[in-house]
Amino acid sequence: MPETTRPLPTDDPTQVAAFEARIAAGESIEPKDWMPERYRRQLTRMMSQHAHSEIVGMLPEGNWITRAPSLRRKLSLIAKVQDEAGHGLYIYCGTETLGVDRFDLYNQLLDGTAKYSSIFNYPTLAWADMGVIGWLVDGAAIVNQTILAKTSYGPYARAMVRICKEENFHKRQGYEICMTLAKGTPAQREMLQDAVNRFWWPSLMMFGPSDTHSPNTAELLKWRVKRKTNDELRQRFINLTVPQAQELGITLPDPDLRYNAETKNWDFGTIDWSEFQEVIAGNGPCNRERLEARRAAHDEGRWVRDAAAAHAAKRSQATAAA
Ligand code: 3HC
């Protein structure tokens, strides 16, 4: 039974009060500090899903490495996909500071019981998708993760600082691809517009359900795990992105998008939350394909794990014999 579903022990109220005083004082909680079991589980839930998202997120872009239009684009895409792998491993390390065995998390992903970001269950149909993913998906990640860099759990906050540096490169290389296509032939502009039409709304869903339908946000805000709500971050992303789309000469697929001079926000249309629920329930366009690819990679990598285990056993025997 995954750790997060076991019944919660009752925490000592004095310890909880001391913990919450530390949170209120803006202190960073470190692995060896006392923390409520619920806090530990919330972080395990968020960080494991984040790590899974990074690993699964490699698949849509990996699909285009062999088809990149130039050596420069290929190198940039390979570097980005490698970065995502590193982000995943880095955040799995972070979950281990919470006492989690990363192989339990791997198994939850492989057996289909773990969540990962819905955005990676959409297909990448054209080269323009590589630009749009860098621009919109990594752009959304930057908005989310720059705030997560202020989270109360020390290891996660520090991981975000490092990861955001690389995400900024991801966004820049993506936006440059989009700008190249926007200045290209009519067919290239059309390819770009089609990619934006397919990825705009799923990118908004990356920030999670609206605040009124987010069961975790209130508790996460109380413990300063989240520092902004889903809707606040979504709005921030839209406000940043609309001018970038205008610069590209691209139309965002939302007829209700209009600037509100009073709030200084871009008001936007209704998100299709039934699509979101379908995708996170496993019925998105690519859910099955993504899990199959992860399972195949895990099986093909068995010999590496076995070799590493045999080498470690040999070394420990040699040490014991010395
Ligand atoms: N995809 C899949 N599941 C989602 C989701 C999404 N886009 N948004 C929300 N959910 C799930 C939540 O996990 C939760 O389910 P659970 O309780 O079973 O875990 C449920 O929907 C309700 O959502 P909540 O708003 O209550 O959940 P959270 O408070 O955890 O907020 C979140 C969701 C904003 C994604 C938050 O978990 C978070 O900030 N996580 C860390 C960042 C992260 O995981 N980003 C994913 C993208 S990875 C990435 O950007 C890679 C980059 O290289 C592109």
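Preceding this paragraph is the structure being described.
This write-up is about the structure you can find in this document. (Residues numbered from 1 in each chain as written. Predicted model: local features only at pLDDT ≥ 70, side-chain atom pairs only at ≥ 80, totals over all residues. Heavy atoms only, no water.)

## Re the nonpolar core
Phase 1: Tyr39, Tyr153, Tyr156 and Phe237 are the most contacted members of the largest nonpolar core, which has 77 residues in total.
Phase 2: For this core, the element with the most residues is helix H6 (residues 128–148), which contributes eleven residues. (Core = buried A, V, L, I, M, F, W, Y, C linked by side-chain atoms within 4.5 Å. Buried < 20%, exposed > 50% of the residue type's maximum accessible area, 1.4 Å probe, protein only. Helix = DSSP H or I, 4+ residues; strand = E, 2+ residues; numbered from the N terminus.)

## With respect to the site of the ligand
Phase 1: Around the ligand, a shell composed of 34 residues is seen, among which Glu84, Lys115, Ser214, Lys226 and Asn230 lie nearest.
Phase 2: Contact distances for the ligand include 2.8 Å between a nitrogen atom and a backbone N or O atom of Ser118.
Phase 3: Between Asn230 and the ligand, the recorded distance is 2.8 Å, taken from a side-chain N or O atom to an oxygen atom.
Phase 4: Here the ligand, which alone exposes 1,000 Å², has 90% of that area covered by the protein. (Near = heavy atom within 4 Å. Polar contact = N/O pair within 3.5 Å; in protein donor to acceptor, adjacent residues only side chain to side chain. Areas by Shrake-Rupley, 256 points an atom, 1.4 Å probe, with all protein chains shown as cover.)

## Examining the pattern of salt bridges
Phase 1: In total, this model carries 19 salt bridges according to the counting rule given.
Phase 2: Here Arg41 ties to Glu37 by a salt bridge, and the two come within 3.1 Å at their closest N and O atoms. Of this pair, Arg41 and Glu37 both sit in helix H2 (residues 37–56), separated by four residues, roughly a single helical turn.
Phase 3: Arg102 is the salt-bridge partner of Glu96, the closest N and O atoms lying 3.0 Å from each other.
Phase 4: Accessibility expressed as a relative area gives 35% for Glu96, which makes it partly exposed.
Phase 5: Its relative accessible area of 13% is what places Arg102 among the buried residues. (Salt bridge = Lys/Arg side-chain N within 4 Å of Asp/Glu carboxyl O.)

## Structural notes on the environment of Ile147
Phase 1: Following the sequence through the fold, Ile147 ends up in helix H6.
Phase 2: By relative accessible area, which is 12% here, Ile147 ends up buried.
Phase 3: For the pair Ile147 and Ala307, spaced 160 residues apart in sequence, the C-alpha separation works out to 40 Å.

## Here we look at the packing of H6 against helix H10 (residues 230–248)
Phase 1: The contact between H6 and H10 brings their axes to 10 Å, and the two run at 145 degrees. For the pair H6 and H10, the crossing hand works out as right-handed. In contact with Trp135, Leu136, Gly139, Ala140, Val143, Asn144 and Ile147 of H6, H10 contributes Leu233, Arg236, Phe237, Leu240, Thr241, Gln244, Ala245 and Leu248.
Phase 2: In the contact of H6 with H10, the residues fall into ten nonpolar, four polar and one charged. (Axes fitted to C-alpha atoms, helices over the stretch in contact; angles between N-to-C directions. Left-handed = near helix turned anticlockwise from the far one by under 90°. Contact = heavy atoms within 4.5 Å. Nonpolar A, V, L, I, M, F, W, Y, C, P; charged D, E, K, R; others polar.)

## Regarding the side chain of His52
Phase 1: Here His52 lies in helix H2.
Phase 2: When neighbours within four sequence positions are excluded, His52 is seen to be in contact with Gly57, Tyr92, Leu105, Tyr106, Leu109, Ala114, Lys115 and Tyr116.

## Focus: the packing of aromatic side chains
Phase 1: Applying the stated rule across the entire model yields twelve aromatic pairs.
Phase 2: Measuring from centroid to centroid gives 6.2 Å for Phe19 and Trp34, while their planes differ by 80 degrees, and the two rings are edge-to-face. Of the two residues, Phe19 sits in helix H1 (residues 13–24) while Trp34 sits in the loop between H1 and H2, which places them 15 residues apart along the sequence.
Phase 3: Judged by relative accessible area, which is 30%, Trp34 ranks as partly exposed.
Phase 4: Following the ring pairs from residue to residue traces out a cluster consisting of Phe19, Trp34, Tyr39 and Trp223.
Phase 5: We note Arg67 situated over the ring of Trp64; from NZ or CZ to the ring centre the distance is 4.0 Å. (Phe/Tyr/Trp six-rings, centres within 6.5 Å; stacked < 30°, edge-to-face > 60°. Lys NZ or Arg CZ within 6 Å of the ring centre and 35° of its normal.)

## A word on H6
At 3.6 residues per turn, the α-helix brings residues three or four places apart onto the same side.
Phase 1: End to end, H6 covers 29 Å across 21 residues, agreeing with the expected 30 Å (1.5 Å per residue, within 8%).
Phase 2: When the local axis directions of H6 are compared, the greatest deviation, roughly 25 degrees, occurs at Gly134.
Phase 3: Within H6, 19 of the 21 residues are buried, which leaves the element mostly enclosed by the surrounding structure. (Expected span 1.5 Å × (residues − 1). Bend = angle between axes of the 7 residues up to and from the residue.)

## Some thoughts on the packing of helix H7 (residues 154–182) against helix H8 (residues 186–205)
Phase 1: The N-to-C vectors of H7 and H8 enclose an angle of 135 degrees; their axes lie 7 Å apart at closest approach. Between H7 and H8, the crossing angle belongs to the class labelled oblique. Contacts between H7 and H8 pair Cys178, Leu181 and Ala182 from the former with Gln188, Arg189, Met191 and Leu192 from the latter.
Phase 2: The class makeup of the residues in the contact of H7 with H8 is five nonpolar, one polar and one charged. (Parallel < 35°, antiparallel > 145°, perpendicular 65-115°, else oblique.)

## Some remarks on a positive patch on the surface
Phase 1: Together, Lys150, Arg227, Lys228 and Arg236 make up a region of like positive charge exposed at the surface.
Phase 2: In this fold, Lys150 is placed in the loop between H6 and H7.
Phase 3: Judged by its relative accessible area of 51%, Lys150 is exposed. (Patch = residues over 30% accessible without salt bridge, like charges linked within 9 Å, V, L, I, M, F, W, Y side chains within 5 Å. Lys, Arg positive; Asp, Glu negative; His and termini not counted. Charge placed at Lys NZ, Arg CZ, Asp CG, Glu CD.)

## What to know about the environment of Thr146
Phase 1: On the secondary structure map, Thr146 appears in helix H6.
Phase 2: Thr146 sits 18 residues away from Cys164 along the chain, and the two C-alpha atoms are 6.6 Å apart.
Phase 3: At a separation of 2.6 Å, a polar atom in the side chain of Thr146 contacts the main-chain carbonyl oxygen of Ile142.
Phase 4: Polar contacts involving the side chain of Thr146 include one to the main-chain carbonyl oxygen of Val143, which spans 3.2 Å.

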